[in-house]
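Results of the structural survey
Listed here are the chains, written in short residue letters.
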Amino acid sequence: MFDWLKSLSGLEIAYFIIACIGTVALLIQIIMMLIGAGGEADADFDTDTDGDGSLDTHTDTGVSLFTVKGLTAFFAIGGWTGMLMLSYNVGVAITVPVSVVAGLAAYFIVWALIRLVLKLQEDGTLNYASAIGQTATVYVSIPASRTGRGKITLVLQGRYTELDAVTDEKERIPVDCAVEITEQAGDAFVVRKKA
């Protein structure tokens, strides 16, 4: 192996080192993704704290053009392309631009794939506003004229959901009664008996 390394030119050694470092880094990233240790290191995380002490977090689904995965793909593919071309005695004037173009192509393919994967992700946060107009079932009876709270159940965005409910009706709404959600009032929902 050392004889083979001694036979390489300075540019071939440079391409070989770049390709090896890029490939090892790419393999480490792939292994970490497969075992779940690395997660998505290229995502941005934002945290907002409201005056009432509640903590809201969200993930920025935009992908930066400059990512570690993209850079490792650039160096790995660009390095091996340059090394391969030099091994077939292609001139340096052609090898360098072609290896840079091959590295950039790999870089943008990785960037596009990451964007595509992130578009497939689902937020998972319930949109409670979508409950308005839905039919629900009373789980805990609801006192009349908003004098107390009861509970309702419904399937909201594919999930079985239990919500606090109040009513403007003059009579208590009993358990197992079908109701329609008319509006949201703070952290509870206003309901009326289904006709």
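Scoring rules and cut-offs
Residues numbered from 1 in each chain as written. Predicted model: local features only at pLDDT ≥ 70, side-chain atom pairs only at ≥ 80, totals over all residues. Heavy atoms only, no water. Helix = DSSP H or I, 4+ residues; strand = E, 2+ residues; numbered from the N terminus. Contact = heavy atoms within 4.5 Å. pLDDT = per-residue confidence, 0-100. Buried < 20%, exposed > 50% of the residue type's maximum accessible area, 1.4 Å probe, protein only. Core = buried A, V, L, I, M, F, W, Y, C linked by side-chain atoms within 4.5 Å. Pairing = 2+ DSSP bridges. Phe/Tyr/Trp six-rings, centres within 6.5 Å; stacked < 30°, edge-to-face > 60°. Patch = residues over 30% accessible without salt bridge, like charges linked within 9 Å, V, L, I, M, F, W, Y side chains within 5 Å. Areas by Shrake-Rupley, 256 points an atom, 1.4 Å probe, with all protein chains shown as cover. Salt bridge = Lys/Arg side-chain N within 4 Å of Asp/Glu carboxyl O.

**Focus: the environment of Ile77**
The residue Ile77 is located in helix H3 (residues 68-87) in this model. Considering only alpha carbons, one finds Ile77 and Gly103, 26 residues apart in sequence, at a separation of 5.2 Å. Among all residues touching Ile77, those that are not within four sequence positions of it are Ala102 and Ala106.

**Description of the confidence of the model for the protein**
For the protein, per-residue confidence averages 83 on the pLDDT scale, and residues scoring 70 or more make up 83% of the total. Confidence drops under pLDDT 50 across residues 38-61; counting only partners more than four residues distant or on other chains, this segment forms 29 contacts.

**Some details on the environment of Ile18**
Position of Ile18 among the secondary structure elements: in helix H2 (residues 10-35). Taking the C-alpha atoms as reference points, Ile18 and Ile77, 59 residues apart in sequence, are found 9.5 Å from one another. Not counting residues up to four positions away in its chain, the partners in contact with Ile18 are Phe75 and Gly79.

**Things to note about the environment of Ala144**
With respect to the helices and strands, the residue Ala144 is situated in the loop between strand S3 (135-140) and strand S4 (150-156). Ala144 gets classed as buried once you look at its relative accessible area, which sits at 16%. Along the chain, Ala144 and Glu169 lie 25 residues apart, while their C-alpha atoms are 5.6 Å from each other. Residues within four places of Ala144 in sequence aside, it is in contact with Thr167, Glu169, Lys170, Glu171 and Arg172.

**Comments concerning the nonpolar core**
Across soluble globular proteins, nonpolar side chains have a tendency to be buried as a group. In terms of nonpolar packing, the biggest core is built from 16 residues, with Val138, Ile142, Ile152, Ile173, Val179, Ile181 and Val191 touching the most fellow members. Residue assignment for this core shows that the elements contributing at least two residues are S3, S4, strand S5 (159-167), strand S6 (178-185) and strand S7 (188-193). At three residues, the largest contribution of residues to this core is made by S4. Those residues in contact with Val179, other than ones at most four positions away along the chain, are Gln134, Thr135, Ala136, Val138, Ile152, Ile173, Val191, Arg192, Lys193 and Lys194.

**Let's talk about the pairing of S4**
Counted residue by residue, S4 has five buried out of seven residues, so it is predominantly covered. Here three bridges tie S3 to S4, and the two strands are oriented antiparallel to one another. From the neighbouring strand, Val140 faces S4, where its bridge partner is Lys151. Hairpin connection between S4 and S5: a loop of two residues separates the two successive antiparallel strands, and Gln157 in this loop has a positive phi of roughly 55 degrees.

**Regarding the packing of aromatic side chains**
Scanning the entire structure with this criterion turns up five aromatic pairs. On the numbers, 6.5 Å between centres and 90 degrees between planes, the contact of Phe108 with Trp111 is edge-to-face. A residue pair is termed a helical-turn pair when its members lie 3 or 4 positions apart in one helix, as Phe108 and Trp111 do in helix H4 (residues 92-120) at three residues. Phe108 gets classed as partly exposed once you look at its relative accessible area, which sits at 40%.

**Details of a nonpolar patch on the surface**
On the surface, a nonpolar cluster with roughly 540 Å² of combined accessible area is contributed by Leu27, Ile30, Ile31, Leu34 and Ile35. If you trace the backbone, Ile31 turns up in helix H2.

**Considerations on the pattern of salt bridges**
Within the structure shown, the criterion is met by six salt bridges. For the salt bridge of Arg149 with Asp164, the shortest nitrogen-to-oxygen distance reads 3.1 Å. Within this pair, whereas Arg149 is found in the loop between S3 and S4, its partner Asp164 is found in strand S5, the two being separated by 15 residues in sequence. For Lys151, the salt bridge identified is with Glu162, shortest N-O distance 3.9 Å. Of this pair, Lys151 sits in strand S4 while Glu162 sits in strand S5, and the two are 11 residues apart along the sequence. For Lys151, a relative accessible area of 27% puts it in the partly exposed group. We classify Glu162 as partly exposed; its relative accessible area is 42%. What emerges from the salt-bridge pattern is a single network uniting Arg149, Lys151, Glu162, Asp164 and Asp187.

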